[in-house]
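Each chain, written out:
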Amino acid sequence: MKKIFVLFFILSITACKKEKETKITPKKITGYHIYGKIPSYNNKDIFLQKKEFNKEFTTLQKTKVENNHFEFKGNKTDIQLLYIGFNDFDYKIPILINNFETVIEINPTDLDKSKISGSTLQKEYTNYLKGLNNAKNKFVYKTKWINSHNSSPIATIILSEMLGKNKWRLEQNKKTFKTLSDSNKNSKLGLAIQTFIQQYLPKVEKENPVAEFSLNPEIDNKTPIKTVVTEKPNKPKKKLPKRRKAPNFYAESLNGSDISLNEVRKNGKITLIDFWASWCAPCRASNPHLVKLYKKYHKNGFQIISVSEDNIDKKHLWKNAIKQDGLTWHHVIDDDARVATMFGVKGIPHTVLLDANGGIIFVKKTPYTIEKKLKEVFGY
């Protein structure tokens, strides 16, 4: 009995030591040191990654999980946002690096519930993410956050992830950049952002006035809503019903380049905007009917542009769903639900049918209602 008690006491001491080893108090250091804990993930690889301006991820380090633990070390570096990546999950965990020890406890069953402790900047970034997750308009939330925290290095990091290569996006980036503090503008990342804007903005400044506008007044609107009128030769002007003109938008297509709604609808008589996602069961269920309508009426001028609300870091799921469902029309992926916000989308599936001039005929109708309208327009 005495031997059993001694053995239990030794095991208890050992267990306490092991528990203390995982509770590291973060401290300031030269360089960075990430201590990680993830249960039931032994002998699997974990990656420390960086997101480039083109939205692709590059791997900086790779390590293997041993005894439910892993770590990354690096030399002194500027403050930057890196990501913990996995082979088994598409989701990546953002982590702020700024010459401080960082402790992360990963919940493999729900990565959103992972706990990160580190510098005060890490806490500030964690609070920012909580607000972003609850924001209705993520683009507006980010812009407002940068304006109100213009001296925080995090503001520069957020802006770097908002960069784009179309005129509307670049002009918004330029305005937001001007609100940054001088220290942020002159930082390594700030100068890189400035170079990016200066590189791409001249290429698009000769384009027509910015066509894209938002239904949200928080974002600059540059296209007025007009009464849609068509003209036919040798015939008096025919006024179509007074329809609100749909906002034009730019978004990333399947090949990585930006395409706009106006590009898609300029050769069409009727255009359908279809908001969907690979994970949306009702969306996927309606796809066969849309395929049938597209095959039947495309030759007469029926266009479709599908706007995916998939996570931009899970593009392969989006592309796989397009291939599986045989969707042969135009596709873009929405970033931060920006396009969805412009159209007031509260849930998917959500459809918007446009006339030849971009006037909104109706919204949020079933494929059967859309088919009825197409029969009326095309006569069969």
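Residues numbered from 1 in each chain as written. Predicted model: local features only at pLDDT ≥ 70, side-chain atom pairs only at ≥ 80, totals over all residues. Heavy atoms only, no water.

A.B. asks: What is the right way to read the sheet that holds strand E6 (residues 93-97) from this model?
C.D. replies: Backbone hydrogen bonds hold the strands of a sheet together, and the pairing may be parallel or antiparallel. Reading across the sheet, the four strands line up as E3-E2-E5-E6 and stay open at both edges, with antiparallel pairing between neighbours. Each end of this open sheet is capped by a strand with a single partner; those strands are strand E3 (57-64) and E6. Sheet twist, expressed as the average angle between the axes of neighbouring strands with direction ignored, equals 30°. Examined bridge by bridge, strand E2 (residues 45-51) and E3 share seven bridges and lie antiparallel to one another. Its bridge partner lying in E3, lysine 50 is registered against threonine 58. In this fold helix H2 (residues 120-134) packs onto strand E5 (80-86) and E6, with an angle of close to 150° to the strand it touches most, E6. (Pairing = 2+ DSSP bridges. Helix = DSSP H or I, 4+ residues; strand = E, 2+ residues; numbered from the N terminus. Axes fitted to C-alpha atoms, helices over the stretch in contact; angles between N-to-C directions. Contact = heavy atoms within 4.5 Å.)

A.B. asks: Explain the pattern of salt bridges to me, please; I cannot follow it from the model alone.
C.D. replies: Inspection of the entire model under this criterion finds eight salt bridges. Across the pair aspartate 88 and lysine 44 runs a salt bridge, and its minimum N-O distance is 3.0 Å. Of this pair, aspartate 88 sits in the loop between E5 and E6 while lysine 44 is found in the loop between strand E1 (32-37) and E2, placing the two residues 44 residues apart along the sequence. A relative accessible area of 37% places lysine 44 in the partly exposed class. For the salt bridge of lysine 373 with glutamate 376, the shortest nitrogen-to-oxygen distance reads 3.1 Å. With lysine 373 and glutamate 376 both in helix H12 (residues 367-378), this residue pair falls three residues apart, about one helical turn. You can call glutamate 376 exposed: its relative accessible area is 58%. (Salt bridge = Lys/Arg side-chain N within 4 Å of Asp/Glu carboxyl O. Buried < 20%, exposed > 50% of the residue type's maximum accessible area, 1.4 Å probe, protein only.)

A.B. asks: Teacher, can you tell me more about the state of the cysteines here?
C.D. replies: Tallying each qualifying case throughout the model produces one disulfide. Here cysteine 280 is linked by a disulfide to cysteine 283, with a sulfur-sulfur distance of 2.3 Å. Classification of the bridge connecting cysteine 280 and cysteine 283 rests on its S-S torsion, roughly 75°, and on that basis the disulfide is right-handed. The class of cysteine 283 is buried, set by a relative accessible area of 1%. (Disulfide = S-S within 2.5 Å.)

A.B. asks: Please explain the packing of helix H9 (residues 281-297) against H12 as it appears in this structure.
C.D. replies: Helix-helix packing is described using two parameters, namely the angle between the two axes and the distance between the axes. Here H9 crosses H12 at 10°, and the two axes come no closer than 10 Å. Put simply, H9 runs roughly parallel to H12. Contacts between H9 and H12 pair Ser286, His289, Leu290, Lys292, Leu293, Lys296 and Tyr297 from the former with Pro367, Tyr368, Ile370, Glu371, Leu374, Lys375 and Phe378 from the latter. Per-class residue counts for the contact of H9 with H12 are eight nonpolar, two polar and four charged. (Parallel < 35°, antiparallel > 145°, perpendicular 65-115°, else oblique. Nonpolar A, V, L, I, M, F, W, Y, C, P; charged D, E, K, R; others polar.)

A.B. asks: Just checking my understanding: could you explain the side chain of serine 308 for this structure?
C.D. replies: By secondary structure assignment, the location of serine 308 is in strand E14 (residues 302-308). Relative accessible area serves as the criterion here: at 0%, serine 308 is assigned to the buried category. Discounting chain neighbours no more than four positions away, the residues touching serine 308 are Trp276, Ala277, Trp318, Val332, Ile333 and Asp334.

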